[in-house]
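Residue-level structural notes
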Amino acid sequence: MNCKGVIKLVCIMAVVATAMSFKSNTKGKFIIQFSNYVGNEKLVLDSSTYKNALGQPFTVSMFKYYISNIHLKNSNGNDYVCNNGYFLVDEEDTNSKQIVLNDVPNANYSSISFILGVDSIHNCNGAQAGALDPANGMFWAWNTGYIFLKFEGNSPASHSNGNTLAFHIGGYKQPANCIRTVTLGIKSFAIKATDNQISTLNLKADVLELFKTPVNIDFSKTSSVIDFHNAEMIADNYINMFSVKQ
Amino acid sequence: MNYRAIYIILLLFAFVTLLYSFTSENGYFTITPKDVELKIPKGFPKPVYDFKQNKITPQGFVLGRKLFYDPILSKDSSISCASCHQRFAAFAHIDHPISHGINGLFGKRNVPALQNLIWDNSFMWDGGVNNLEVQPINPITNPVEMNETLGHVIYKLQRNTEYADMFKQAFGTDKITSQQLLKALTQFIGLMVSDNSRFDKYLRHEDTLSQAEFHGFQVFKSHCANCHAGQLFTDNSYRNTGLKPDTALKDSGRAAITGLTDDYMKFKVPGLRNVAITYPYMHDGRFRNLKQVINHYSGGKLYGNYDQSINKDRGLSETDKADIIAFLNTLTDETFLHDRRFQDPNIYAVSSK
């Protein structure tokens, strides 16, 4: 083979390789960006005062929750399911509010669902790591299970010592199963990797929803839920906490 | 000094060094791969805990042992797991109805023995803990036991070069995690298997029971084995045994976990291996000896919504009672109690000082 032949061959190989690499690039990067709100205001820890549906003022000192089992639904039935993805979204940690999923197949997705909390298997599997590390303070040792959502704050309406509010909601089994699946329509949300596009979905979490619909929480009567008592009542409220931010 | 004297001194020195090498870390406390093989005793069911998710290695086991005996797990380095789980008592706490933790504070329950844990499907007297790996978080973080946080334990272990090295040997990473801490502890406590009591030998036709022991076994089978069932001597259920509720401790038992009023004062049926040496008894340690326990079941006043199966155990003869105790004594497992693998690794270092 002469010199030209070699160059031709190399060129053909390069073209084929490029074509193949394009062909295999059928998965993209998907980001879910969480923004925590109180009603229409952005959540600011400690310094801002808000009002619940009953007009009782309150401040927020801690707000964090687990997101897991993310599932993107596609009208063709080619759903994307994120297995072993457990994320702790913490208002205090900016990075934690961004969930990055690589390798999501290109498609138009019509809805997203996820568990607010941790599925029962991972509540029973023993010592976990990463977001599920019990050292993260979202774990009950004496009655094994993850705390799915922690809200702490203050309200003059609260009769607790120091007017505190403490809502630690969790539990995967009776008497309080607080695992709730949130499903949101996302109007044919496209993920395309071919042009190296990063697809970002903005989700809003509204703290106010914790304390209203279906049950309005009166801080003078309920200022803390820290075990199974009343936990499902708050869980039925927090299922309404998320919306897609346009 | 002549050459002969120097020669004798050198020889003596070599001899002492040789002796030391046999009895130190390299000898008595050495753990080989064979030492950490899990053998399922004949007649035992399939374990609940699966070591496939936590492969036992000599390094992991030795690390778990060091942690078990080290008060570094407590906030002020005063309490180790072994403070309340004594090896000679099958890792229960002899003579302590309720154990004291940090600053002399008291909890509200009797320390259980640690043995055959991988066959347990739940832990604690109320069964609130669902996996052996996460059980140690309770004593570590309980304000009246070790009063520590997992995060701070990891911090202390990470800055300790010996631990940093041992974790690396066991798990291959530089960064210590709580998962590694808990898995190492599980390797150590999970291998605590008691299967060689005289009763086990009797079942294997290697030993015989005396007439009293045999009669006690028969009475036990008809009166106690309904709950203390099988070779592990528990059906893993929760029962109200008619004990008078303690107004100071206010322990509601299983109800604290399930929220069911029916579960008030129900506690987990404990296995009975090594029972003769794990006194005192019951969830709050109210009975000093086995005789008191049997008298409670056989004729004691029963309170509350107690388990009706106790009714058939009323009115045992004094011979029956004495023979049940004779039988229970055959459950003491000297092999387990003297198993060198579970010995405090610091003891040699301490006694040689």
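Residues numbered from 1 in each chain as written. Chains lettered and ligands numbered in written order. Predicted model: local features only at pLDDT ≥ 70, side-chain atom pairs only at ≥ 80, totals over all residues. Heavy atoms only, no water.

Focus: the overall build of chain A
Secondary structure summary: chain A contains 3 helices and 17 strands in total. Buried positions account for 49% of the 246 residues belonging to chain A. For chain A, the share of sequence-separated contacts (at least 6 apart) that also reach a separation of at least 24 residues comes to 72%. Accessible surface, chain A as shown: approximately 11,700 Å² in total, 51% of it carbon and sulfur. (Helix = DSSP H or I, 4+ residues; strand = E, 2+ residues; numbered from the N terminus. Buried < 20%, exposed > 50% of the residue type's maximum accessible area, 1.4 Å probe, protein only. Contact = heavy atoms within 4.5 Å. Areas by Shrake-Rupley, 256 points an atom, 1.4 Å probe, with all protein chains shown as cover.)

Regarding the packing of helix α2 (residues 58-68) of chain B against helix α7 (residues 178-190) of chain B
All names here are of chain B. One way to put it is that α2 packs onto α7 with a least axis distance of 7 Å and a crossing angle of 95 degrees. Here α2 is positioned roughly perpendicular relative to α7, judged by the angle of their axes. Across the interface between the two elements, G60, F61, L63, G64, R65, L67 and F68 from α2 touch L181, A184, L185, Q187, F188 and I189 from α7. The class makeup of the residues in the contact of α2 with α7 is 9 nonpolar, 3 polar and 1 charged. (Axes fitted to C-alpha atoms, helices over the stretch in contact; angles between N-to-C directions. Parallel < 35°, antiparallel > 145°, perpendicular 65-115°, else oblique. Nonpolar A, V, L, I, M, F, W, Y, C, P; charged D, E, K, R; others polar.)

Side note on the interface of chain B and chain A
Facing 21 residues of chain B, the contacting portion of chain A comprises 18 residues. Both faces combined, the contact of chain B with chain A buries some 1,500 Å², and carbon together with sulfur accounts for 54% of it. Of all residues in chain B, the largest losses of buried area upon contact with chain A belong to B:N130, B:Q179 and B:I257, amounting jointly to 32% of the total for that side. Across the chain B-chain A interface, the total number found is 10 residue pairs in polar contact (both at pLDDT 80 or more). Looking at the side of chain B that touches chain A, the elements that each hand over two or more residues are α4 (137-141), α5 (150-158), α7 and α10 (255-258) of chain B. Across the side of chain B that touches chain A, the residue classes break down as 8 nonpolar, 11 polar and 2 charged. (Buried area = accessible area lost by both parts, 1.4 Å probe. Polar contact = N/O pair within 3.5 Å; in protein donor to acceptor, adjacent residues only side chain to side chain.)

Some words on the packing of aromatic side chains
All names here are of chain B. Counted according to the given criterion, the structure contains 39 aromatic pairs over all chains. An aromatic cluster of at least three residues, connected via ring pairs, comprises F61, F68, Y69, F91, F188, F336 and F342. The residue whose ring lies beneath K66 is Y163, and the NZ or CZ to ring-centre distance is 5.1 Å. A cation over an aromatic ring shows up here: K221 above the ring of F217, its NZ or CZ 4.4 Å from the ring centre. (Phe/Tyr/Trp six-rings, centres within 6.5 Å; stacked < 30°, edge-to-face > 60°. Lys NZ or Arg CZ within 6 Å of the ring centre and 35° of its normal.)

Thoughts on the side chain of A:T222
Tracing the backbone shows A:T222 in the loop between β15 (198-206) and β16 (224-225). Accessibility expressed as a relative area gives 15% for A:T222, which makes it buried.

Some remarks on the pattern of salt bridges
What the rule picks out here adds up to 22 salt bridges over all chains. A:D236 is the partner of A:R180 in a salt bridge, and the nearest nitrogen-oxygen pair spans 2.8 Å. Of this pair, A:R180 sits in strand β14 (residues 180-191) while A:D236 sits in helix α3 (residues 231-238), and the two are 56 residues apart along the sequence. Judged by relative accessible area, which is 35%, A:D236 ranks as partly exposed. B:D120 is the partner of B:K268 in a salt bridge, and the nearest nitrogen-oxygen pair spans 3.7 Å. Highlighted residues: B:K268 in strand β2 (residues 267-268) and B:D120 in the loop between α3 (81-84) and α4, separated in sequence by 148 residues. On the accessibility criterion, B:K268 (8% relative accessible area) is buried. Linked through salt bridges whose partners overlap, the residues forming this network are B:R109, B:D126 and B:D251. (Salt bridge = Lys/Arg side-chain N within 4 Å of Asp/Glu carboxyl O.)

Things to note about the side chain of A:K97
Mapped onto the elements, A:K97 comes out in the loop between β6 (86-90) and β7 (98-105). The residues touching A:K97, leaving out its near neighbours within four places in the chain, are A:I32, A:Q33, A:F34, A:N36, A:V89, A:D90 and A:E91.

What to know about helix α11 (residues 290-299) of chain B
When we look at burial in α11(B), the residues that qualify are B:L290, B:V293, B:I294, B:H296 and B:S298. Residues of α11(B) that are buried in the fold lie against α12 (318-329) of chain B.

Focus on the domain arrangement of chain B
Residue and element names in this part refer to chain B. One can read the domain layout of chain B as domain 1 (30-194) and domain 2 (198-334). The distance between the C-alpha centroids of domain 1 and domain 2 comes to 26 Å. Counting residues at the interface gives 32 residues for domain 1 and 25 residues for domain 2. With both sides pooled, the region where domain 1 packs onto domain 2 buries about 2,300 Å², and carbon together with sulfur makes up 51% of that total. Interface area lost by domain 1 to domain 2 is led by K108, W125 and D126, which between them contribute 26%. Taken together, the connections running from domain 1 to domain 2 amount to 15 residue pairs in polar contact (both at pLDDT 80 or more). When grouped by side-chain class, the residues that make up the side of domain 1 that touches domain 2 number 14 nonpolar, 12 polar and 6 charged. (Domains from an automatic or database assignment.)

Quick notes on the pairing of strand β11 (residues 164-170) of chain A
Residues and elements named next belong to chain A. Across the 7 residues that make up β11, a large majority, 6, are buried. Pairing of strand β10 (residues 145-154) with β11 involves 7 bridges; the strand directions are antiparallel. When the sheet's bridge partners are listed, G153 is paired in β11 with L165. Of the pairings in the sheet, the one linking β11 to β16 comprises 2 bridges and is parallel in character. Directly across from F167, in β16, lies its bridge partner V225. (Pairing = 2+ DSSP bridges.)

Considering unusual backbone geometry
At the junction of A:T213 and A:P214, the peptide bond is cis and its omega measures out at 0 degrees in the coordinates. Topologically, A:P214 is positioned in the loop between β15 and β16. The linkage connecting B:Y279 with the following residue, B:P280, adopts the cis geometry, with an omega of -5 degrees. Among the structural elements, B:P280 can be located in the loop between β2 and α11. Residues other than glycine seldom take positive phi values, yet A:D46 does so here, at roughly 65 degrees. Phi is positive for B:N116, close to 50 degrees, though the residue is something other than glycine. For B:N116, a relative accessible area of 6% puts it in the buried group.

Describing the nonpolar core
Ranked by size, the top nonpolar core spans 121 residues in total, and within it A:Y65, A:F151, A:Y238, A:F242 and B:F68 carry the most contacts. Those residues in contact with A:F242 that sit more than four places away from it in its chain are A:F34, A:Y65, A:I67, A:F114, A:L116, A:V182, A:L184, A:K204 and A:A205. Of all hydrophobic cores here, the second largest spans 24 residues; its members include B:F287, B:L290, B:I294 and B:L316. (Core = buried A, V, L, I, M, F, W, Y, C linked by side-chain atoms within 4.5 Å.)

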